[in-house]
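Single-letter residue listing:
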Amino acid sequence: MMNPARKAEPATSRVHKRIRLKDHDQGTAQAIASEMKTSSVVARILAARGFKPDKDLEDYLLPTLKNGLPEPKGLRNLGAAATLIADVHRAGGSIAICCDFDVDGLSGGSVVHDLMKTAGISSRVFVPNRFVDGYGLNENTVREIAAQGFKLLLTIDFGTTNAKEILIAKALGLKTIVLDHHHITGELPPADVFINPHQPGCGFAGGVACAAGLAWYLALALTRELKPPGVDPRTYLDLACLGTICDMVPLIGLNRVIAKKGLEQLSDSKRPGLRSLRNVIGVRGNVECSHVSFGIGPRLNAAGRIEHGELVIELLTTRDSNRADKLARDLNDLNSSRQDIETSVKEEAIKMVEQRGGPDWGIVVGKPEFHTGVIGIVAQRLVEHFYRPSAVMGMDSPGIFKGSVRGIKGFSVIETLSACAEHLMKFGGHQGAGGFSVKEGNLAAFSAAFVAECKKRLKDIEIVPYVDADTETTLDEITVGLVNELAGMAPFGMGNPAPLVLVKNLRVVQVKELKGAHLKALFSDGKRFISGVMWRQPSHPALHPEATVDIVCRPEVSTFNGNVELQANLQAVQQSSR
């Protein structure tokens, strides 16, 4: 699978991020500090992000369910879905819930299934097997659902592109509801009820809601339709926030409120499964966004990547604490296996790129033995390493490769795959990520088309990665108080990244590797010291003792081994210009 297009300029080594500083209006920053009672540093950060001292900033700093959630009536066909489910239930029918095997689909499926169970509605969740069924609704599952006597098929986090399977379901006598958030590339699916913010006449929440968030709205609508005693839809925000945080949707508006309020509930959740997960990852206090992104989320994803996603549904909806503990330990073991597999595939993929002389405008790598449960993660690691759109493939069935794609800032994955569609069996995705299937005989043609399309699109995109610091500061201003104040801007994620500060002219006192995979350095401004950690990168050309560097970092408080100290989570380092 050689890439025939001309080589792009960057060398084979890891691409290191450069530093930029955002502009801000000093008068606006001073007004924010005065009127909103913030520190000067936080005021500068907010001003750099376009905020002014007004109600929008108040709602951002103190999001509420009342002010931050759009009205349910704005979600097209939501009421019709609740009515159809209620009608099937009242007629004595059961509901089959089919959801995707990632965190978004699994948490969304758990929201609806748990509410139905609590409300006395007969339901069961079906999750595709990644290695047997592939992504999305499949005919075998539809026929199994019909044969088992279910009366309604509800899909969550897929279904928009499953017209064939929906038609089969209807022919078998099933009522159908599709609840999805993926982009619509063709005709609307022929479901009895179709819920998707991207459909004509909708635009709910600006089209940024994930499946778990939409599932929470369905739970809200069902509660209003059936009025089950003792059921409060707000108690399902702890589940809804999992998909919202992990699915890389912008954490603004609706998503910010669900994530913020969901994390508050997650910190004191009574669900045995969530309590067991917290124990497994070692969270004793409040659950933060990073605990979900890097602790809970990977363990939930590991089930579908390595074994089967239905383990997660059971974990998130069980009432049995002992069973929850066992499932959480199993998911932790699966995640460890996933990490080992990911590391092996990533190292081989990087080696393949470097053996070709470095990255092209786009990267396409694959081997039959690459585990398809980790190809998406590996594609993201290649983007981090080379800063090029990357497609990674493995073989699930003879003669057919399954691929996953990740892009860079400003690059549309779904548009690029659409341009290569003639070489693919199927594809799907959105702006930043996508997947596809391709016959082995079409690999060369797809590879050439993908690289050519990347070359065309990257001409208008910044192909050197930058880290944009929100403000410049000094070590004197980086305090525990500042870290606590910055936490008020959480939850952080796409659309609301963690604040980053630039500190210039620091002397490197010490540099060392951590476990052969990370880097730790000690910096000084001549008066104060601060430790810095760079994750998933064991070295950096600018970091050596006695060097003078500028750093962009996320100020944090480390409590490792019981020692509390300020720490700089390093995002970029470069030699000082002075």
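Because the structure is a prediction, the values reported are computed rather than measured.

Draft legend 1. View of the sheet that holds strand β5 (residues 175-179). One open sheet holds the five strands; their spatial order is β3-β2-β4-β5-β6, and the pairing between them is parallel. Among the strands making up the open sheet, the edge pair consists of β3 (123-126) and β6 (193-195). In this sheet, neighbouring strand axes are inclined to one another by 15° on average, regardless of whether the strands run parallel or antiparallel. Sheet analysis places strand β4 (residues 152-156) next to β5, joined by five bridges and oriented parallel. Note that in β5 the partner of Thr155 across the bridge is Val178.

Draft legend 2. A look at the environment of Gly50. By the element assignment, Gly50 lies in the loop between α2 (40-48) and α3 (55-61). Residue classification places Gly50 among the exposed positions, given a relative accessible area of 57%. Residues Gly50 and Glu342, 292 residues apart in the sequence, show an inter-C-alpha distance of 39 Å.

Draft legend 3. Here's a closer look at the side chain of Arg305. Along the polypeptide, Arg305 turns up in helix α13 (residues 289-306). Despite its burial, Arg305 pairs with no opposite charge; the closest candidate is Asp102, at 7.3 Å N-O. Excluding residues within four positions of it along the chain, Arg305 makes contact with Arg130, Phe131, Arg338, His371, Gly373 and Ile377.

Draft legend 4. Local environment of the packing of helix α6 (residues 103-119) against helix α10 (residues 237-246). Two elements in contact, α6 and α10, have axes separated by 8 Å at closest approach and are oriented at 165°. With respect to each other, α6 and α10 are oriented roughly antiparallel. When you trace α6 past α10, the crossing you get is left-handed. The segment α6 lies against α10, with Val103, Asp104, Ser107, Ser110 and Val111 engaging Leu239, Ala240, Leu242, Gly243 and Cys246.

Draft legend 5. Representation of unusual backbone geometry within the structure. Here Ala490 and Pro491 are connected by a cis peptide whose omega angle stands at 5°. Residues other than glycine seldom take positive phi values, yet Asn77 does so here, at roughly 75°. Following the sequence through the fold, Asn77 ends up in the loop between α4 (65-68) and α5 (78-90). Look at Asn77 and you get partly exposed, because its relative accessible area is 29%. Notably, Glu546 is not glycine yet its phi reads approximately 75°, a positive angle. The exposure class of Glu546 is exposed, given its relative accessible area of 53%.

Draft legend 6. Structural detail: helix α18 (residues 443-458). Between its terminal C-alpha atoms α18 stretches 22 Å, which fits the 22 Å expected from 16 residues at 1.5 Å a residue. Every buried residue of α18 is accounted for by Leu443, Phe446, Ser447, Ala449, Phe450, Val451, Glu453, Cys454 and Leu458. The inward-facing, buried residues of α18 abut β7 (363-366), β8 (390-397), β9 (400-406), α17 (413-419) and β11 (433-439).

Draft legend 7. The packing of helix α14 (residues 310-317) against helix α15 (residues 321-355), seen in detail. Viewed as axis vectors pointing N to C, α14 and α15 meet at an angle of 145°, and their least axial separation amounts to 9 Å. Crossing geometry of α14 relative to α15 is assigned as left-handed. For the pair formed by α14 and α15, the contact residues are Leu311, Val312, Glu314 and Leu315 on the first element and Arg323, Ala324, Leu327, Ala328, Leu331 and Leu334 on the second.

Calculation notes
Residues numbered from 1 in each chain as written. Predicted model: local features only at pLDDT ≥ 70, side-chain atom pairs only at ≥ 80, totals over all residues. Heavy atoms only, no water. Pairing = 2+ DSSP bridges. Helix = DSSP H or I, 4+ residues; strand = E, 2+ residues; numbered from the N terminus. Axes fitted to C-alpha atoms, helices over the stretch in contact; angles between N-to-C directions. Buried < 20%, exposed > 50% of the residue type's maximum accessible area, 1.4 Å probe, protein only. Lys, Arg positive; Asp, Glu negative; His and termini not counted. Salt bridge = Lys/Arg side-chain N within 4 Å of Asp/Glu carboxyl O. Contact = heavy atoms within 4.5 Å. Parallel < 35°, antiparallel > 145°, perpendicular 65-115°, else oblique. Left-handed = near helix turned anticlockwise from the far one by under 90°. Expected span 1.5 Å × (residues − 1).

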